[in-house]
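Secondary and tertiary structure notes
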Amino acid sequence: SHEELESARAQIRGGALMGLESLSSRMSRLARGQIYHRRYQPIEEMLAIYDRLTVPDVMEQVSDFLDPARYTLVACGPAKTGELNVRPWEIVEEN
């Protein structure tokens with residue numbers, strides 16, 4: 001919902017601004033900027049990206065990220081396939 005998105009934005013903004021107080025956090029942010037963007041990314045620019053997000057943007061990413069076709073089940077031990085209690089995704093979603 002819009003309220004949840006606003007709450008998440010406020011939390012991200014607060015965490016980012018608190019991170020500016022720590023020297024190690026600032027250095028980590030500088031390094032991440034160089035690694036991922038090949039340049040320094042000002043905090044205002046990063047926060048502006050979050051401010052532009054909409055609920056549909058977030059929902060699109062969530063549906064891609066949480067796509068059951070991308071899930072993998074790994075089991076270790078003597079259990080047989082029928083004993084793993086694996087249910088189709090549709091059943092899991094309904095509960």
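Bear in mind the structure is a predicted one, so any value in this text is a computation, not a measurement.

Topic: the confidence of the model for the chain
- Mean pLDDT over the chain stands at 79; residues scoring 70 or higher make up 80%.
- A low-confidence stretch, residues 91-95 stays under pLDDT 50, and its non-local contacts, those more than four residues away or across chains, total two contacts.

Topic: unusual backbone geometry
- Phi at Arg38 takes a positive value of approximately 60°, unusual for a residue other than glycine.
- With respect to the element layout, Arg38 can be found in the loop between α2 (23-37) and α3 (43-52).
- Relative accessible area serves as the criterion here: at 71%, Arg38 is assigned to the exposed category.

Observations regarding the pattern of salt bridges
- A complete count under the given rule lists three salt bridges for this structure.
- Across the salt bridge formed by Glu6 and Arg9, the nearest N and O atoms sit 2.4 Å from each other. With Glu6 and Arg9 both in helix α1 (residues 2-19), this residue pair falls three residues apart, about one helical turn.
- Among the residues examined, Glu6 registers a relative accessible area of 35% and is labelled partly exposed.
- Its relative accessible area of 13% is what places Arg9 among the buried residues.
- With a shortest N-O distance of 2.8 Å, Arg13 and Asp51 are connected by a salt bridge. Of this pair, Arg13 sits in helix α1 while Asp51 is found in helix α3, placing the two residues 38 residues apart along the sequence.

The rules behind these values
- Residue positions are given per chain, counting from 1 as you read along its sequence in written order.
- Only residues with pLDDT of at least 70 get local features here, since the model is predicted, and only at 80 or more are side-chain atom pairs given and counted; chain-wide, interface and lining totals rely on the full set of residues.
- Side-chain numbers here rest on the full set of heavy atoms in the structure, without hydrogens or water.
- Each residue carries a pLDDT value, the predictor's own confidence for that position, ranging from 0 to 100.
- Contacts are assigned to residue pairs with any non-hydrogen atoms lying within 4.5 Å of each other.
- By the criteria applied, helices consist of DSSP H or I runs no shorter than four residues and strands consist of E runs no shorter than two, each listed in order from the N terminus.
- Type-normalised accessible area, obtained with a 1.4 Å probe on protein chains alone, sets the label of each residue: buried when under 20%, exposed when over 50%, and partly exposed for intermediate values.
- Any carboxyl oxygen of Asp or Glu that lies within 4 Å of a side-chain nitrogen of Lys or Arg is treated as forming a salt bridge with it.

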